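The lines below spell out each chain.
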Amino acid sequence: MKVLLVNGSSHEKGCTYTGLKCVEKALNEEGIDTEIMFIGNDPLPDCIACGYCAKEHKCVFNDIANELAEKAKTCDGFVFGSPVYYAHPSARLLTVMDRAFYSGGRNFRFKPATAILSARRAGQVASMDVINKYFGINSMPIITATYWNHIYGSNPEDVVKDLEGVETMYNLGKNMAWLLKSIELAKQNGLEPPHLKKLRTDFIKQP
């Protein structure tokens, strides 16, 4: 089993990374393989609603978003980490998630996921709600911990002093490992995800 931890910060080894490492430690203790994926600092185009992905099953912009969607095929769970900017996740992470989930949502479906947020002081709750919506619309079990999945600090050295936050990250990893093992046990006993229908309508007329 493998969990992909996505670092949505502009800093490869900053506060968000420090929080992800706390989750990773717990996962590794439970025998879960991990990979931390840094989305980088290159300029990223937003979704342009061109429809290319509906035909080709990948985004027309061949960058980190396609890489994420491709990696998702062989991963069993996901942790998305982001700093907080103006009480929302980093725009670059949302750009990547918009395009990866829209073009490759089938690679994420039914796989457990969670979000962790890093901030100096506030805004994590609103930011977590934004990221969780990607999971909720895609039939992905959302992993929780023993408090909100937040860490505090202006730098990595401060983050490790947030003892409750560090413990929350660790507990999050333990909970994810438990659910991943439970899902694997279910599969071994013949229990597979349901086949769901999805009716698309608007609020004015039926399709």
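Scroll up to find the structure this text is about.
Here's a quick rundown of the structure. (Residues numbered from 1 in each chain as written. Predicted model: local features only at pLDDT ≥ 70, side-chain atom pairs only at ≥ 80, totals over all residues. Heavy atoms only, no water.)

## Description of the side chain of Thr-168
This is how it is decided: Strands here mean DSSP runs of E at least two residues long; helices mean DSSP runs of H or I at least four residues long; both are numbered from the N terminus. Think of a polar contact as two N or O atoms within 3.5 Å of one another; within protein, one of them needs to be a possible hydrogen donor and the other a possible acceptor, and neighboring residues in sequence only count if both atoms come from side chains.
By the secondary structure assignment, Thr-168 is in helix α7 (residues 163–188). A polar side-chain atom of Thr-168 sits 2.8 Å from the main-chain carbonyl oxygen of Glu-164.

## Some details on the packing of aromatic side chains
Short version of the rule: Centres within 6.5 Å are what make two rings of Phe, Tyr or Trp a pair, Trp counting through its six-membered ring; a difference in plane orientation under 30 degrees is then read as stacked, over 60 as edge-to-face, and the rest as tilted.
Scanning the entire structure with this criterion turns up seven aromatic pairs. Considering the side-chain rings of Tyr-147 and Trp-148, the 6.3 Å spacing of their centres and the 50° angle between planes classify their relative orientation as tilted.

## Looking at unusual backbone geometry
Our working definition: Only protein chains enter the accessibility calculation, which uses a 1.4 Å probe. A residue is then buried if its area is under 20% of the maximum for its type, exposed if over 50%, and partly exposed in between.
Phi is positive for Tyr-86, close to 50°, though the residue is something other than glycine. With respect to the element layout, Tyr-86 can be found in the loop between β3 (77–85) and β4 (88–89). Residue classification places Tyr-86 among the exposed positions, given a relative accessible area of 82%.

## Some words on α7
The line we're drawing: The span expected for a helix works out to 1.5 Å for each residue beyond the first. Any pair of residues with heavy atoms lying within 4.5 Å of one another is described as a contacting pair.
Over its 26 residues, α7 runs 38 Å from end to end, which matches the ideal 38 Å to within 8%, given 1.5 Å per residue. Listed in full, the buried residues belonging to α7 are Gly-165, Thr-168, Met-169, Asn-171, Leu-172, Gly-173, Met-176, Ala-177 and Leu-180. Contacts made by the buried residues of α7 are with β1 (2–7), α1 (15–29), β3, β5 (113–119) and β6 (150–152). After α7 finishes, the residue Gly-190 shows a positive phi value of roughly 85°.

## Topic: the side chain of Glu-24
Locating Glu-24 in the fold gives a position in helix α1. When residues no more than four places from it in sequence are discounted, the contact partners of Glu-24 are Leu-5, Thr-34 and Ile-36.

## Section: the nonpolar core
Quick reminder of the rule: What is meant by a nonpolar core is a set of buried Ala, Val, Leu, Ile, Met, Phe, Trp, Tyr and Cys residues, joined one to another through side-chain atoms within 4.5 Å.
Counting residues in hydrophobic clusters, the biggest one holds 29 residues, and the most contacted among them are Leu-68, Phe-78, Phe-80 and Phe-135. If you tally residues by element for this core, the top one is helix α4 (residues 91–104), at six residues. Ignoring anything within four residues of it in the chain, the contact list for Phe-78 reads Val-3, Leu-4, Ala-72, Asn-107, Phe-108, Lys-111, Pro-112, Ala-113, Thr-114, Met-140 and Met-176. With 18 residues, the next largest nonpolar core counts Leu-5, Leu-27, Ile-143 and Ile-151 among its residues.

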